[in-house]
Amino acid sequence: MISTEVQTNFLSEDFLLQSPYAKILYHDFAKNLPIIDYHNHLPPNEVNEDRMFANMSQIWLAGDHYKWRAMRTLGVSEKFITGDASDKDKFAAWAKSVPYTMRNPLYHWTHLELRRYFGVDDLLSEENAFEVYNHCNEQLASPDFSTNGLLKQMNVEVICSTDDPADSLQEHVEFAQKADSFQMYPAFRPDKSYAVENPEIYLSYLEKLGKAAGIHINTYEDLLAALANRIDFFHDRGCRLSDHGLEQLYFFEKEQYNIQDLFELLKNKKTLTTSEIQYFKFKTLTALCKMYHAKGWVQQFHLGALRNTNHRMLSTLGPDTGFDSIGDFVQAKALAQFFNELDSNDQLTKSVIYNLNPGDNEVFATMVGNFNDGSTKGKIQFGSGWWYLDQKDGMEAQMNTLSNMGLISCFIGMLTDSRSFLSFPRHEYFRRILSNLFGKDVENGELPWDEKWLGKIISDICYFNAKNYFDFHPTNIQIKP
């Protein structure tokens, strides 16, 4: 028989806090700080419209490929995942799956979200699925559970969406005029501008980009002019950072190809070779990074994902549906050369590099030190564990590696990287794990118990480093509808 005391330790007030020092650091220095979520995939229109959700499936299950992968592993029919089953039946299928997710971070996240937003202390299962569903749905009908209400509940100060260069940003402009408790800023995500693997799709995108920029894109120089135009446009609407999702960075020492010739091939719907594709990406990304530097932006690189591995499911469901994995790409040399190319002309802006393969943690942690030049605290950042690594082991590994090979005191902390408005307890999850790391070192005699100083470091990592690193301020927005 397991005692009630042991059972109630799960998700208790001191969840994940394994020493008295960790408890002080979390409760006194981390817990109540605002959240700066500088990278996520929340839909800006739903923030601007202050969307209300009809039920838990719509807010919690739709678009969540973490949950979808778990359900498929358990043999749940696609009908109850992305198919035509009712929202109620989809929730029931997820509830039935939850007890089998133990030791996966989904088990923690699921119950943290139910508790923090909806006050549900029970463990979700098949037996209480409809009771929980109805209870949460009743609360979703309250204005406090609109998109803005949910963000306010979590003490969010800033969110940064992920936006294509051709986006109008109208939602950001409108929201900036009425924002009260938090700010929403765009982030420039130009992946499609150099996604030249499929010429027909690429040419279609160039038409869209050119229309947004008011430029007929007929040459490669036109492409760069259109991108520069959109960077100006984004900057005037509060954007201060870019983001890029890549398998790896590329570098070519010599002008191996004529970039206009490659552009002409694309215009004629000719497929480029692998080397030509990589060269096109390298040249375009280098030009973009120089533009970011001129604007004083932060650039982010999410590296290492192997995407769309299941072609049968890709053709059925499309991308971003749960069929991507960690890749084993070679990272170090080209990453160093790419950054060096920019740094050589003092055009390397503040940068955050995110690693998806834990085997490359040391590579990334040592790389950032190569290009910190004393101009800015933590100019080059080893970003928080992301995607498959934004769980306890992954975050601890990232922070331990950063501590051993860099300075964790300069770290800008956690982000959700999520499409869900219920994902913000992940900041709590991170803050508890961070506090426990430091507390454990104190308990082991590896750090002195200087409560004030350690508390400052914890607070900096959770909030103040990011606040100082990014140039976020409402007065930066120049509204030009």
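This report concerns the structure included in the present document. (Residues numbered from 1 in each chain as written. Predicted model: local features only at pLDDT ≥ 70, side-chain atom pairs only at ≥ 80, totals over all residues. Heavy atoms only, no water.)

Quick word on the overall build of the protein
Logical step 1: When helices and strands are tallied, the protein shows 20 helices and nine strands.
Logical step 2: On C-alpha atoms alone, the protein measures out to a radius of gyration of 23 Å, which is about the 23 Å that the 2.2 N^0.38 rule sets for 481 residues.
Logical step 3: Dimensions along the principal axes, computed over C-alpha positions, put the protein at roughly 75 × 55 × 45 Å.
Logical step 4: With 481 residues in all, the protein has 56% of them scored as buried.
Logical step 5: Contacts in the protein between residues at least 24 apart in sequence constitute 77% of all its contacts with a sequence separation of at least 6.
Logical step 6: Put simply, the protein shows about 20,800 Å² of open surface, and 48% of that area lies on carbon and sulfur atoms.
Logical step 7: Here the protein holds 46 positive side-chain charges and 64 negative ones, and the gap between their average locations is 2 Å. (Helix = DSSP H or I, 4+ residues; strand = E, 2+ residues; numbered from the N terminus. Rg over C-alpha atoms; globule rule 2.2 N^0.38 Å. Buried < 20%, exposed > 50% of the residue type's maximum accessible area, 1.4 Å probe, protein only. Contact = heavy atoms within 4.5 Å. Areas by Shrake-Rupley, 256 points an atom, 1.4 Å probe, with all protein chains shown as cover. Lys, Arg positive; Asp, Glu negative; His and termini not counted. Charge placed at Lys NZ, Arg CZ, Asp CG, Glu CD.)

As for helix H11 (residues 199-213)
Logical step 1: Its 15 residues give H11 an end-to-end C-alpha distance of 21 Å, which sits within 8% of 21 Å, the value for a rise of 1.5 Å per residue.
Logical step 2: For H11, the complete set of buried residues consists of Pro199, Tyr202, Leu203, Tyr205, Leu206, Leu209, Gly210 and Ala213. Down the axis of H11, the smallest arc covering the buried residues is 160°, so these residues share one side. In this structure, H11 carries Glu200, Ile201, Glu207 and Lys211 as exposed residues pointing more than 90 degrees from its buried face.
Logical step 3: For H11, the capping residue at the N-terminal end is asparagine 198, with a side-chain oxygen 3.2 Å from the backbone nitrogen of glutamate 200.
Logical step 4: Looking one or two places after H11, you find glycine 214, whose phi comes out positive at around 70°. (Expected span 1.5 Å × (residues − 1). Arc of directions from axis to C-beta. Polar contact = N/O pair within 3.5 Å; in protein donor to acceptor, adjacent residues only side chain to side chain.)

Considering the pairing of strand E8 (residues 350-355)
Logical step 1: Burial analysis of E8 places six of its six residues in the buried class, which makes it a mostly covered element.
Logical step 2: Because side chains alternate across E8, one face comprises the buried residues Lys350, Val352 and Tyr354, and the other comprises Ser351, Ile353 and Asn355, equally buried.
Logical step 3: Where strand E5 (residues 298-303) meets E8, six bridges bridge the pair, whose relative direction is parallel. Paired with histidine 302 across the two strands is tyrosine 354, which belongs to E8.
Logical step 4: Both E8 and strand E9 (residues 380-382) contribute to a ladder of three bridges, which runs parallel. Considered in E9, the bridge of valine 352 is made with glutamine 381.
Logical step 5: With helix H17 (residues 361-370) bridging E8 and the parallel E9, this β-α-β connection has right-handed handedness. (Pairing = 2+ DSSP bridges. Right-handed = clockwise from strand over helix to strand, strands pointing away.)

Some points on the packing of aromatic side chains
Logical step 1: Within the structure shown, the criterion is met by 38 aromatic pairs.
Logical step 2: Judged by centre distance (6.2 Å) and plane angle (50°), the rings of phenylalanine 53 and phenylalanine 421 are tilted. Taken together, the residues phenylalanine 53 in the loop between helix H3 (44-48) and helix H4 (56-61) and phenylalanine 421 in the loop between helix H18 (392-405) and helix H19 (425-443) connect sequence positions 368 residues apart. In this structure, phenylalanine 53 and phenylalanine 421 share a single accessibility class: buried.
Logical step 3: Seen in terms of ring centroids, phenylalanine 282 and phenylalanine 338 are 6.4 Å apart; in terms of plane orientation they differ by 70°. Their pairing is edge-to-face. Note that phenylalanine 282 is positioned in helix H14 (residues 274-295) and phenylalanine 338 in helix H16 (residues 332-344), a separation of 56 residues in sequence. Summarising the burial analysis for this pair, phenylalanine 282 and phenylalanine 338 share the class buried.
Logical step 4: One aromatic cluster is present, built from ring pairs that chain together Phe251, Phe252, Tyr257, Tyr279, Phe282, Phe301, Phe338, Phe339 and Phe371.
Logical step 5: Above the face of the tyrosine 469 ring, lysine 350 is positioned so that its terminal group lies 4.9 Å from the ring centre.
Logical step 6: Directly above the aromatic system of tryptophan 109 lies the positively charged group of arginine 426, at a separation of 4.0 Å from the ring centroid. (Phe/Tyr/Trp six-rings, centres within 6.5 Å; stacked < 30°, edge-to-face > 60°. Lys NZ or Arg CZ within 6 Å of the ring centre and 35° of its normal.)

Some points on the sheet that holds E5
Logical step 1: Within the open sheet, the four strands sit side by side as E4-E5-E8-E9. Their pairing is parallel. Looking along the sheet, the strands with just one partner apiece sit at the ends: strand E4 (241-246) and E9. Each neighbouring strand pair of the sheet contributes to a mean axis angle of 15°, computed without reference to strand direction. (Axes fitted to C-alpha atoms, helices over the stretch in contact; angles between N-to-C directions.)

Description of the environment of aspartate 50
Logical step 1: Looking at the secondary structure, you find aspartate 50 in the loop between H3 and H4.
Logical step 2: Since its relative accessible area comes to 30%, aspartate 50 is described here as partly exposed.
Logical step 3: Sequence-distant contacts of aspartate 50, that is, excluding residues within four places in its chain, are made with Ser146, Thr147, Asn148 and Gly149.

Let's talk about the nonpolar core
Logical step 1: One finds Met56, Trp60, Phe118, Leu223, Phe280, Phe301 and Phe339 to be the most contacted residues of the largest nonpolar core, which totals 150 residues.
Logical step 2: Beyond its immediate sequence surroundings of up to four residues, phenylalanine 280 is in contact with Ser193, Tyr194, Val196, Tyr202, Tyr220, Leu223, Ile259, Leu262, Phe263 and Leu266. (Core = buried A, V, L, I, M, F, W, Y, C linked by side-chain atoms within 4.5 Å.)

Examining the environment of threonine 274
Logical step 1: Relative to the elements of secondary structure, threonine 274 occurs in helix H14.
Logical step 2: Residue classification places threonine 274 among the exposed residues on the basis of a relative accessible area of 57%.

Regarding helix H8 (residues 129-140)
Logical step 1: With twelve residues, H8 ought to run about 16 Å at 1.5 Å a step, and its terminal C-alpha atoms sit 16 Å apart, in line with that.
Logical step 2: Buried within H8 are the following residues: Ala129, Val132, Tyr133, Cys136, Asn137, Gln139 and Leu140. One face of H8 carries all of its buried residues, which in axial projection span an arc of 160°. Those residues of H8 that are exposed and angled more than 90 degrees off the buried face are Glu131 and Glu138.

Topic: unusual backbone geometry
Logical step 1: The backbone of leucine 11 shows a phi angle near 55°, a positive value even though the residue is not glycine.
Logical step 2: Even without being glycine, tryptophan 387 reaches a positive phi, approximately 55°.
Logical step 3: Inspection of the secondary structure assignment puts tryptophan 387 in the loop between E9 and H18.

Side note on the pattern of salt bridges
Logical step 1: Overall, the coordinates contain 21 salt bridges when judged by the stated rule.
Logical step 2: The salt bridge partner of lysine 67 is aspartate 64, with a shortest N-O separation of 2.5 Å.
Logical step 3: The buried category is assigned to lysine 67, whose relative accessible area is 3%.
Logical step 4: Taking relative accessible area as the criterion, aspartate 64 reaches 10% and is therefore assigned buried.
Logical step 5: Ionic pairing is found between glutamate 428 and arginine 116, a salt bridge with its closest N-O pair at 2.8 Å. One end of the pair, glutamate 428, is in helix H19; the other, arginine 116, is in helix H7 (residues 105-118), and 312 residues separate them in sequence.
Logical step 6: Given the relative accessible area of 30%, arginine 116 is considered partly exposed.
Logical step 7: Sharing partners across several salt bridges, the network here consists of Arg116, Glu428 and Arg432. (Salt bridge = Lys/Arg side-chain N within 4 Å of Asp/Glu carboxyl O.)

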